Each structure stands twice: as C-alpha cells, then as structure tokens.
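Residue-level listing of the chains:
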Amino acid sequence: LSAGLSTYLFVGRPQMPLWINGLSATLTLALGFVLFRLAANVIASNTNTKILEILHVQMDPQRFLNQYEKIPAKLKRGSVNHAVTTIYLADGYAAKGDYDTAERLVDAEPVDNADEKLHAAIAAIHMNARVDYALLRGDSAEGERLLSEFRQVLKQGEAVNPSLAANMQDRVTLYAQWLQVMGGCST
C-alpha cells in the first residue's frame, strides 16, 4: 500500500516539483515501514502471550511445546529475543518434566552485543532457571551448588544492575527455604 502510494506521489503528480514528489514518496515509504513494524510487533506480542497462556494458565506443557518449539529457531541466534524465547521453551520442557532438555536449552544461550546490564539480567535469568529445574527434579545437592552460583551471578551483576539483584533476592530466599525443606541446605 505504501509502495503504491509512494509511486503515485512521485510519478502521478507531474505538476508538483520533483523534490516535493521525492520527499513525499520517501516519507510515505518510511511511515509505511514504521506502521508495518509496529503492527507486526503487536501481533507477535499478542501471539506470544496467547501461547504462553497455554503453559501458565491452561497448564498444558505438551500443547505449548507443540506450538512454541519452532519460535526460537526463527529468531536471530544471540539476540535477546532468542535468549528469552529459549528460556520460555525451556520452562515448557521443565513443566513437562524433561529437565535435561530444559537445562541444555538454558545453558546454550549467550547473548551477543548486549550491554553489561542486559548481560547481567540474562545471566541471572539463566541461573534462576537452572536452580529451579534442579529443585523441581529433587536434586538438592545440585540445587545447593547452583544456588551458590546464582548468588555469585547476582553479586557480580549488582554493580551494573542493582535493581535486578534486589528483585531476585526473593528468589534466592525461596530457593534456600526450598532446600531447607528438602533437607539439603547448609545455609
């Protein structure tokens, strides 16, 4: 639509100066591109939310995996979106009880070209997931080891992202208490 309108603005108005037609056509194309991207992002976000609802509200991990499994592969490897969608996918495998696959997915997700604050956030989210999966599996020894690593990741990240470290402290407390209930925590 914007390409057709741009063509008309450039060619279909011979009475206007060429520079005005060129500027009009360029602005129309730019506006069309921005509107298309905005609409695509809204649609993608809504679709993502609906699929995540299958996992978190309807609690049907297999149906979630059937619909979500191909999404990370469609995104650029090393991007934040790829890392986040891979964590969602790993959560689906964990909900199904396939903790090995969930851990493998989370461990394989470095993020390229991100600032320190974002790297700290992704590292914390990965460690949070790894501790969660170990505890869900019932492996208190691994859970305790990973909780120690999680604390270190948060301590390192606190310098660049203090709000993240503060927000994740509740998770650390929860995991420590979970380990105490399991009888495997020395802290």
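Since the structure is predicted, the reported quantities are computational estimates derived from the model, not experimental observations.

Calculation criteria
- Residues numbered from 1 in each chain as written.
- Predicted model: local features only at pLDDT ≥ 70, side-chain atom pairs only at ≥ 80, totals over all residues.
- Heavy atoms only, no water.
- Salt bridge = Lys/Arg side-chain N within 4 Å of Asp/Glu carboxyl O.
- Helix = DSSP H or I, 4+ residues; strand = E, 2+ residues; numbered from the N terminus.
- Buried < 20%, exposed > 50% of the residue type's maximum accessible area, 1.4 Å probe, protein only.
- Polar contact = N/O pair within 3.5 Å; in protein donor to acceptor, adjacent residues only side chain to side chain.
- Contact = heavy atoms within 4.5 Å.
- Phe/Tyr/Trp six-rings, centres within 6.5 Å; stacked < 30°, edge-to-face > 60°.
- Axes fitted to C-alpha atoms, helices over the stretch in contact; angles between N-to-C directions.
- Parallel < 35°, antiparallel > 145°, perpendicular 65-115°, else oblique.
- Nonpolar A, V, L, I, M, F, W, Y, C, P; charged D, E, K, R; others polar.
- 1 Å grid on protein atoms, 1.4 Å probe; cavity = no way out; pocket = protein on both sides within 12 Å on 5 of 7 lines; lining within 4 Å.
- Points joined across faces, edges and corners; volume = space filled by probe spheres on them.

(A) Here's a closer look at the pattern of salt bridges. A complete count under the given rule lists 5 salt bridges for this structure. Note that Glu103 is salt-bridged to Arg137, the shortest N-O span being 2.4 Å. Of this pair, Glu103 sits in helix α6 (residues 99-107) while Arg137 sits in helix α7 (residues 116-137), and the two are 34 residues apart along the sequence. Given the relative accessible area of 16%, Glu103 is considered buried. Looking at Arg137, the relative accessible area reads 34%, which means it is partly exposed.

(B) Structural view of the side chain of Ser6. Mapped onto the fold, Ser6 is located in helix α1 (residues 2-11). Among the residues examined, Ser6 registers a relative accessible area of 4% and is labelled buried. A distance of 3.3 Å separates the side chain of Ser6 from the backbone nitrogen of Leu29, its partner in a polar contact. Those residues within four positions of Ser6 in sequence are excluded, and the remaining contacts are Ala25, Thr28 and Leu29.

(C) Representation of the packing of aromatic side chains. Enumeration over the complete set of coordinates arrives at 4 aromatic pairs. Ring geometry for Tyr68 versus Tyr88: centroids 6.3 Å apart, planes at 75 degrees, classification edge-to-face. Placement of Tyr68 in helix α3 (residues 61-68) and of Tyr88 in helix α5 (residues 80-96) is noted, with a sequence separation of 20 residues between them. On the accessibility criterion, Tyr68 (0% relative accessible area) is buried. Ring geometry for Phe150 and Tyr175: centres 6.3 Å apart, planes at 55 degrees, overall tilted. Taken together, the positions of Phe150 in helix α8 (residues 140-158) and Tyr175 in helix α9 (residues 162-182) put the pair 25 residues apart, joining distant regions of the chain. The exposure classification of Phe150 matches that of Tyr175, with both residues buried. Among the aromatic residues, those joined into a cluster by ring pairs are Phe64, Tyr68 and Tyr88.

(D) Expanded view of the packing of α5 against α7. At a minimum axis separation of 11 Å, α5 and α7 run at an interaxial angle of 10 degrees. The orientation of α5 relative to α7 falls into the category roughly parallel. Only Leu118, Ile122, Ile125, His126 and Tyr133 of α7 make contact with α5, whose side of the interface consists of Val80, Ala83, Val84, Ile87, Ala90, Asp91 and Ala94. Across the contact of α5 with α7, the residue classes tally to 10 nonpolar, 1 polar and 1 charged.

(E) Quick look at the environment of Trp19. For Trp19, the location among the structural elements is in helix α2 (residues 18-56). Taking the relative accessible area as the measure of exposure, Trp19 reaches 62% and is therefore exposed. The sequence separation of Trp19 and His126 amounts to 107 residues, and the corresponding C-alpha distance is 53 Å.

(F) Fine view of unusual backbone geometry. Of note in the backbone geometry, Met59 takes a positive phi value of approximately 55 degrees without being a glycine. Counting through the fold element by element, Met59 comes out in the loop between α2 and α3. Given the relative accessible area of 63%, Met59 is considered exposed.

(G) A look at the layout of surface pockets. Empty space within the largest pocket amounts to approximately 400 Å³. Forming the boundary of the largest pocket are 13 residues, of which Asn41, Ala44, Ser45, Leu75 and Asn81 lie nearest the centre. Contributing elements (two or more residues each) for the lining of the largest pocket: α2, α4 (71-74) and α5. The dominant element in the lining of the largest pocket, judged by the number of residues it contributes, is α2, at 8 residues. In the lining of the largest pocket, the residues fall into 5 nonpolar, 6 polar and 2 charged.

Everything listed here is a matter of coordinates, which is why it stays silent on function.
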